[in-house]
Amino acid sequence: MSHIAMPSAISVHDRVLEIDWSDGHHGSYPHRFLRAKCLCAVCGSEPDLSSLVSPEGKHKAPPISDDIKPVRLGKVGNYGLSVQWSDGHSTGVYTYEYLKKICQCSSCLKKKDNDPTLSM
Ligand SMILES: [Zn+2]
Ligand SMILES: [Zn+2]
C-alpha cells in the first residue's frame, strides 16, 4: 500500500502542465521548469545522492526554448510519468514523488517562501 498520491487528471496548457492529485492537491508545473528538472542521464544528472541536496547548478543542459511543451505523456508503471518534449527529448521520467516535491503551484511556492532556512 503506497502513500504516494497519483495523478487523477493531467492537463497540458500553453505553458503549464497541471496535475490534479488523488490527495486533492492541484499541482502546477510550467513546461520550461519541468523540462529543466529532467533527471535522466541524457540531461547530465547522474544518480548521485549527494547532488540531490543541491539540485541547483548541476544542470548544464542547453538553453530550453521558450515554447517548449510536452507532446506526449505516458505512464510509467504506477509510479511515474514519462514526457516526450517538443525539442525531441523523450527519455525523461518524472516519478510522482518527485513531481509532488517540485510542485510550483501557488500554495507550494508560498510554503517554500516561508521556509525558515531560506529566510532573507
Ligand atoms: Zn532528460
Ligand atoms: Zn502544489
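The coordinates are above.
Cut-offs used in this document
- Residues numbered from 1 in each chain as written.
- Chains lettered and ligands numbered in written order.
- Predicted model: local features only at pLDDT ≥ 70, side-chain atom pairs only at ≥ 80, totals over all residues.
- Helix = DSSP H or I, 4+ residues; strand = E, 2+ residues; numbered from the N terminus.
- Buried ≥ 20, exposed ≤ 12 C-beta atoms within 10 Å, placed from the backbone.
- Contact = placed C-beta atoms within 7 Å.
- Pairing = 2+ DSSP bridges.
- Axes fitted to C-alpha atoms, helices over the stretch in contact; angles between N-to-C directions.
- Core = buried A, V, L, I, M, F, W, Y, C linked by C-beta atoms within 7 Å.

A. Representation of the overall build of the protein chain within the structure. The helix and strand tally for the protein chain stands at three helices and six strands. Ordering the α and β elements of the protein chain from the N terminus gives β-β-β-α-β-β-β-α-α. Classification of the 120 residues of the protein chain by burial places 13% in the buried group. Of the contacts made within the protein chain by residues no fewer than 6 positions apart, 33% connect residues no fewer than 24 positions apart.

B. Spotlight on the sheet that holds strand S2 (residues 16-21). The antiparallel open sheet is built from three strands, whose spatial order is S1-S2-S3. The open sheet has two free edges, formed respectively by strand S1 (7-12) and strand S3 (26-30), since each of these has just one partner strand. Each strand axis lies, on average, 20 degrees off the axis of its neighbour in the sheet, ignoring direction. In terms of strand pairing, S1 meets S2 through five bridges, oriented antiparallel. Among the inter-strand pairings, Ile10 is bridged to a residue of S2, identified as Ile19.

C. Spatial organisation of the nonpolar core. Counting ten residues, the largest nonpolar core consists of Leu17, Ile19, Tyr29, Leu34, Leu81, Val83, Trp85, Tyr94, Tyr96 and Leu99. Looking at this core, the elements that each hand over two or more residues are S2, strand S5 (80-85) and helix H2 (96-101). Ranked by the residues each element gives to this core, the list is headed by S5, at three residues. Those residues in contact with Val83 that lie beyond four places of it in its chain are Pro70, Leu73, Gly92 and Tyr94.

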